[in-house]
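# Understanding the architecture of this molecule
So you can see what is in the structure, the chains are spelled out below.
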Amino acid sequence: MLSLFRKSGPPPASVAPGEGDFFSIFAEGEGFSARQDAQALAYRSADPFPHIMIDGVFRPQVLRDVLAEVPSPLTSGNLFSKDVAHLQENKFAWRDVTRLGPKSLRLINYLYAKPFLEYLTAVTGIEGLVPDPYLWGAGFHQILRGGKLAVHADFNIHPQMNLYRRLNVLVYLNEGWDPAWHGNLELWTPQMDRCAKSITPDFNRMVIFSTTDTSYHGHPDPLDCPPDVVRRSLALYYYTYERLHEQVHSTLWQRRPHDADAVAEAAEAHRLEHG
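Residues numbered from 1 in each chain as written. Predicted model: local features only at pLDDT ≥ 70, side-chain atom pairs only at ≥ 80, totals over all residues. Heavy atoms only, no water.

Attention now goes to the side chain of Thr-121. Of note, Thr-121 is situated in helix 5 (residues 114-124). Ignoring sequence-local partners within four residues, the contact set of Thr-121 consists of Arg-44, Ile-126, Glu-127 and Leu-129. (Helix = DSSP H or I, 4+ residues; strand = E, 2+ residues; numbered from the N terminus. Contact = heavy atoms within 4.5 Å.)

Encoded structure:
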């Protein structure tokens, strides 16, 4: 099936590039599927938990067109925000499905449709993946200067669909990101004794990882970017009917060895309140 991710000829003259062919959005064409076996091996053997990073998946202009539709928290007061002191700060989300622009909806629909779901199954080995049309906790995430997302494992049950969360797919949208600004995605071991992987949120970079009770991740260092710079990403989550276990939990916040006591105290307070 993944041979469908092929390079196609130019679209009809009356259709803009990328508009008429579902698969033309993928820049790598045949190469995107030809490497699936190697990607599957890399994914399933990755440290500290199954994940993979893929660069250059989309045509850059496709992502730039999407970004043009997403309101900035610097200028808009209509974005969802729910800060949790010491854990989640200066984070804004744009996930109102009825208000998303056409380019944004098309990109999300591409990543929620059968061909990409089958690609995810081929790489991860997880069968029966279901996308989330409600974008619960997902959508376009934007972090301002000073913002952070403490290390955590994600909630595991969709509150509306009652399905079990299995995968995260992140697409980063930051052109010219300077690593000195912090904001790297950190992947931590189940014992929280080391950061096994640190990933810069570079433009047109996709990260896929399994969602488990110990897939600890975050970007826990406050952003030190200029005041007019925003860290942007598209976050999409995938579910299955099959559950690995029945214990339902909210976000499981964690403290890194060098974090302040306030992080541990906030994490414990959240656990006691939300379970």
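Next, the rest of the story.
To continue, consider the packing of helix 3 (residues 60-69) against helix 4 (residues 102-112). At a minimum axis distance of 7 Å, the contact between helix 3 and helix 4 shows a crossing angle of 125°. Accordingly, the angle class assigned to the pair helix 3 and helix 4 is oblique. Handedness of the helix 3/helix 4 crossing: left-handed. The segment helix 3 lies against helix 4, with Leu-63, Asp-65, Val-66 and Glu-69 engaging Pro-102, Lys-103, Ser-104 and Leu-107. (Axes fitted to C-alpha atoms, helices over the stretch in contact; angles between N-to-C directions. Parallel < 35°, antiparallel > 145°, perpendicular 65-115°, else oblique. Left-handed = near helix turned anticlockwise from the far one by under 90°.)

A word on the pairing of strand 7 (residues 195-199). Pairing between strand 6 (residues 185-188) and strand 7: 4 bridges, direction antiparallel. Each bridged residue has a counterpart across the sheet, and for Glu-186 the counterpart in strand 7 is Ser-198. Between strand 6 and strand 7, which pair antiparallel one after the other, the connecting turn spans 6 residues, and Met-192 there sits at a positive phi close to 55°. (Pairing = 2+ DSSP bridges.)

The complete set of buried residues in helix 2 (residues 36-44) reads Gln-39, Ala-40 and Tyr-43. Along helix 2, the residues classed as buried sweep out an arc of 100° about the axis, all on the same side. Exposed and oriented more than 90 degrees from the buried face of helix 2 are Asp-37, Ala-38 and Leu-41. (Buried < 20%, exposed > 50% of the residue type's maximum accessible area, 1.4 Å probe, protein only. Arc of directions from axis to C-beta.)

Further remarks concern the confidence of the model for the protein chain. Per-residue confidence for the protein chain averages 88 on the pLDDT scale, and 88% of its residues sit at or above 70. Note that pLDDT drops below 50 for residues 1-24; the model gives that stretch 43 contacts with residues more than four away or on any other chain. (pLDDT = per-residue confidence, 0-100.)

Among soluble globular proteins, nonpolar side chains are generally buried collectively. Counting 51 residues, the largest nonpolar core has Leu-111, Leu-120, Phe-140, Met-206, Ile-208 and Tyr-238 as its most contacted members. Ranked by residue count, the leading element in this core is strand 10 (residues 231-240), at 6 residues. Counting residues in each nonpolar core, the second largest holds 7 residues, with Ala-150, Val-263, Ala-266 and Ala-267 among its members. (Core = buried A, V, L, I, M, F, W, Y, C linked by side-chain atoms within 4.5 Å.)

Next up on the list: the environment of Thr-124. Along the polypeptide, Thr-124 turns up in helix 5. What makes Thr-124 buried here is its relative accessible area of 9%. When residues no more than four places from it in sequence are discounted, the contact partners of Thr-124 are Tyr-43, Arg-44, Leu-167 and Ile-208. Separated by 2.7 Å, the side chain of Thr-124 and the backbone oxygen of Leu-120 make a polar contact. A polar contact of 3.2 Å, which involves the side chain of Thr-124, links it to the backbone nitrogen of Ile-126. (Polar contact = N/O pair within 3.5 Å; in protein donor to acceptor, adjacent residues only side chain to side chain.)

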